Amino acid sequence: MTGAFAIAQNTIREVVRQRMVLVLALFGVALVAASQVLSPIALGEGRKVVTDFGLAGSSLLATLLAVMLGSNLLHKELERRTIYAVMAKPIRRSEFLLGKFMGLWVTSAALVAGMTAMVLALLSIVYRDTPWLLLGSLTLTVVELGVITAVVVFFSSFTTPALTAFFAMATIVAGHFADDLLYFATQGASPWITRTTEAVYWLLPHLELFNVRGQVVHGIAVAPERLAFGAAYGLLYMIALLVAAGAIFERREFR
Amino acid sequence: MTLLRGRGGLFAALVASGIFLAGAGMLQRSYRTQQGGRPADELLYYPSGIWVRQAALGYETVAADIAWLRAIQYYGEHRLNDQRYDMIGHVMGIVTELDPRFTEAYVFGAFVLAQELRQPQRGLELLERGMRANPESWRLAFETGFLHYVGTKNYQAAARYFTRASRLPGHPEYVERFAAFTNQRAGNRGMAILLWKRIEASGNKYMQDVARRELKRLEATEGI
């Protein structure tokens, strides 16, 4: 496990050095500032606009960060052949993968936490109100990012960066449609299609479970059961994907 | 491309770029003039809220905010031009479909439908939908009572909704007063003036304008 932590620390350093992180962070700041510019024309709904744009923007940017950087992380190690130097040390491949996952998750979580802090500061200064219940949304968004990072790491364990990014984005989109998918499959389709769709439904990450933005923005706190359930589901899903990714990566041949 | 090298080349490129940009701007301006300055007709092509909700991928409230800003722009532009607000019901339907807790969208949409389009029934339908989605909102119940009082002149229904609002959590003190007054003074002009004054004091800037207009109208008919 110490090896995984060392890899995680190294991954954080590596990710932070990327120019894209800076661009995304600046874009996040600009987004929050722009939402504040929009608030005078929102007819008294400026506070809602700032909160909505801040929460959604942070989640979207962190998701982009996880997918775009994550799909390249393993490939780079293989391409530069730095992985051989790491593998020569007493560290298992699955530990290496876990370290990569933790590093990427921490970085994307830091981005989303930073942007939420900016939204909170802006609301405190401009509207004299600090809606701490946004932290409920932040918690679930961080878990969601963990699931997305695990999806990216899973695909990157056996395929190319381009395909990893494509599969990850497709999983994210389908993950938001999971409930609709099941609904349509049960509306008069053949039993074979219904069963297949049901299987896909259980395989997909149910990302809507982590979406409480529409609730907190209207001042409704996230119930502790929802937080606990979301965190437990997310952790189990992450573990499942990382175990599968580890198993695949252990058997992968490096060329 | 060799022409673009050097300081002179850079200047020429900037000038050429400025000319092309100005040309594009002039073209856009002439297109707008040809359209006769018709405001914001593109709202006709706004898709149903259900589909936008599906496409928003978990970012529905931001989509609702964008639709809300667009709706305000649409209302503002038509106020300055033709005072026609045909699409406001449609776009407020989208906003509230995307964010069913967006109380202000129900209130403002219903207000415009009732006061500007003279379709209080459609306004009440929008508020009813809002109350179904937010049964604990005293504001929606109060505004429904308001529309019944000044729009459909159904004083019994107004009293019922004011009373309902006065029983919901978070209501301000004046809601109880209106509930009591409506039961005693149904159809009273003074009561209508009080209600409009409440909108003048607490509504958004457009609602305040309408409230001032209605107050003037009520004052003008006082002697009749």
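Predicted model only: the values in this text are computed from it and were never measured.

Engineer: Give a detailed account of the overall build of chain B, specifying residues and quantitative values.
Structural biologist: When helices and strands are counted, chain B shows eleven helices and zero strands. Each helix and strand of chain B, placed in order from N terminus to C terminus, yields the pattern α-α-α-α-α-α-α-α-α-α-α. Within the span of chain B, comprising 224 residues, buried residues form 34% of the whole. Counted over contacts in chain B with a minimum sequence separation of 6, partners at least 24 positions apart contribute 53%.

Engineer: Which residues make up the overall build of chain A, and what values do they have?
Structural biologist: Helix and strand counts for chain A come out as ten helices and zero strands. Starting at the N terminus, the α and β elements of chain A follow one another as α-α-α-α-α-α-α-α-α-α. Principal axes of the C-alpha set define a box for chain A whose edges measure 60 × 50 × 30 Å. Residues classed as buried in chain A amount to 39% of the 255 residues present. For chain A, restricting intrachain contacts to residue pairs at least 6 apart in sequence, the fraction spanning at least 24 positions comes to 81%.

Engineer: Lay out helix H2 (residues 19-38) of chain A with the relevant residues and their values.
Structural biologist: Residues and elements named next belong to chain A. Along its 20 residues, H2 runs 28 Å from first to last C-alpha, staying within 8% of the 28 Å computed at 1.5 Å per residue. For H2, the set of buried residues is Leu24, Gly28, Leu31, Val32 and Ser35. End-on, the buried residues of H2 take up no more than an arc of 90°, which puts them together on one face. Summarising the geometry of H2, the exposed residues directed more than 90 degrees from the buried face are Arg19, Leu22, Val23, Leu26, Ala30 and Val37. For H2, the elements touching its buried residues are helix H3 (46-79) and helix H5 (93-127).

Engineer: I'd like to hear about unusual backbone geometry, residue by residue, with values.
Structural biologist: Residues other than glycine seldom take positive phi values, yet arginine 128 of chain A does so here, at roughly 50°. Note that arginine 128 of chain A resides in the loop between H5 and helix H6 (134-156). Notably, arginine 118 of chain B is not glycine yet its phi reads approximately 55°, a positive angle. Secondary-structure assignment places arginine 118 of chain B in the loop between helix H5 (103-115) and helix H6 (120-133).

Engineer: Would you mind going over the nonpolar core in detail, with residue names and values included?
Structural biologist: Within soluble globular proteins, side chains that are nonpolar generally end up buried alongside one another. Of all hydrophobic cores here, the largest spans 106 residues; its most connected members are Ile88, Val95 and Ala110 of chain B. The element best represented in this core is H6 of chain A, accounting for 14 residues. Excluding anything up to four places from it in sequence, valine 95 of chain B contacts Ala64, Ala67, Trp68, Ala71, Phe102 and Ala105 of chain B.

Engineer: Go over helix H7 (residues 138-152) of chain B with me, naming the residues and quoting the values.
Structural biologist: Residues and elements named next belong to chain B. Spanning 15 residues, H7 covers 20 Å between terminal C-alpha atoms, matching the ideal 21 Å at 1.5 Å per step. Extensive coverage of H7 is indicated by the burial of twelve of its 15 residues. Buried residues of H7: Arg139, Leu140, Ala141, Phe142, Glu143, Thr144, Gly145, Phe146, Leu147, His148, Tyr149 and Gly151, and no others. Phi turns positive, to about 55°, at lysine 153, one or two residues after H7.

Engineer: Run through the interface of chain A and chain B, naming residues and quoting values.
Structural biologist: Taken together, the contacts link 22 residues of chain A with 15 residues of chain B. Put simply, the parts of the chain that give the side of chain A that touches chain B at least two residues each are H3, helix H7 (161-185) and helix H9 (213-216) of chain A. Tallying contributions element by element places H3 of chain A first for the side of chain A that touches chain B, with six residues. Within the side of chain A that touches chain B, the residues separate by chemical class into eleven nonpolar, five polar and six charged.

Engineer: Just give me the short version of the environment of arginine 213 of chain A, but keep the residues and values in it.
Structural biologist: With respect to the helices, strands and loops of the structure, arginine 213 of chain A is situated in helix H9. On a C-alpha basis, the gap between arginine 213 of chain A and aspartate 52 of chain A in space is 7.3 Å, while along the polypeptide they are 161 residues apart. Residue contacts for arginine 213 of chain A: discarding those within four places in its chain leaves Leu55, Ala56 and Ser137 of chain A together with Thr61 of chain B.

Engineer: Outline the packing of helix H1 (residues 2-17) of chain A against H5 of chain A, listing residues and values.
Structural biologist: Residue and element names in this part refer to chain A. Here H1 crosses H5 at 45°, and the two axes come no closer than 7 Å. In this view, H1 runs oblique relative to H5, as classed from their interaxial angle. In the packing of H1 onto H5, the handedness of the crossing is right-handed. Side by side, H1 and H5 meet where Gly3, Ala4, Phe5, Ala6, Ile7, Ala8, Thr11, Ile12, Val15 and Val16 of the first sit next to Glu95, Phe96, Leu98, Gly99, Lys100, Met102, Gly103, Leu104, Val106 and Thr107 of the second. Of the residues contributing to the contact of H1 with H5, the split by class is 13 nonpolar, five polar and two charged.

Engineer: Talk me through the environment of glycine 8 of chain B; I want residue IDs and the actual numbers.
Structural biologist: All names here are of chain B. You can see glycine 8 is positioned in helix H1 (residues 6-34). You can call glycine 8 exposed: it has 10 C-beta atoms within 10 Å. Sequence separation between glycine 8 and arginine 53 is 45 residues, and the spatial gap between their C-alpha atoms is 53 Å.

Engineer: Tell me what's going on with the confidence of the model for chain B, and back it up with residues and numbers.
Structural biologist: Close reading of the predicted structure is inappropriate where its pLDDT is low. All names here are of chain B. Here chain B shows a mean pLDDT of 82. Residues at 70 or above account for 84%. Within chain B, the element-level pLDDT minimum falls on helix H2 (residues 49-55), averaging 73, and the maximum on H6, averaging 94. Across the whole predicted complex the pTM is 0.80, and at the interface the ipTM reaches 0.81.

About the criteria used
- Residues numbered from 1 in each chain as written.
- Chains lettered and ligands numbered in written order.
- Predicted model: local features only at pLDDT ≥ 70, side-chain atom pairs only at ≥ 80, totals over all residues.
- Helix = DSSP H or I, 4+ residues; strand = E, 2+ residues; numbered from the N terminus.
- Buried ≥ 20, exposed ≤ 12 C-beta atoms within 10 Å, placed from the backbone.
- Contact = placed C-beta atoms within 7 Å.
- Expected span 1.5 Å × (residues − 1).
- Arc of directions from axis to C-beta.
- Core = buried A, V, L, I, M, F, W, Y, C linked by C-beta atoms within 7 Å.
- Nonpolar A, V, L, I, M, F, W, Y, C, P; charged D, E, K, R; others polar.
- Axes fitted to C-alpha atoms, helices over the stretch in contact; angles between N-to-C directions.
- Parallel < 35°, antiparallel > 145°, perpendicular 65-115°, else oblique.
- Left-handed = near helix turned anticlockwise from the far one by under 90°.
- pLDDT = per-residue confidence, 0-100.

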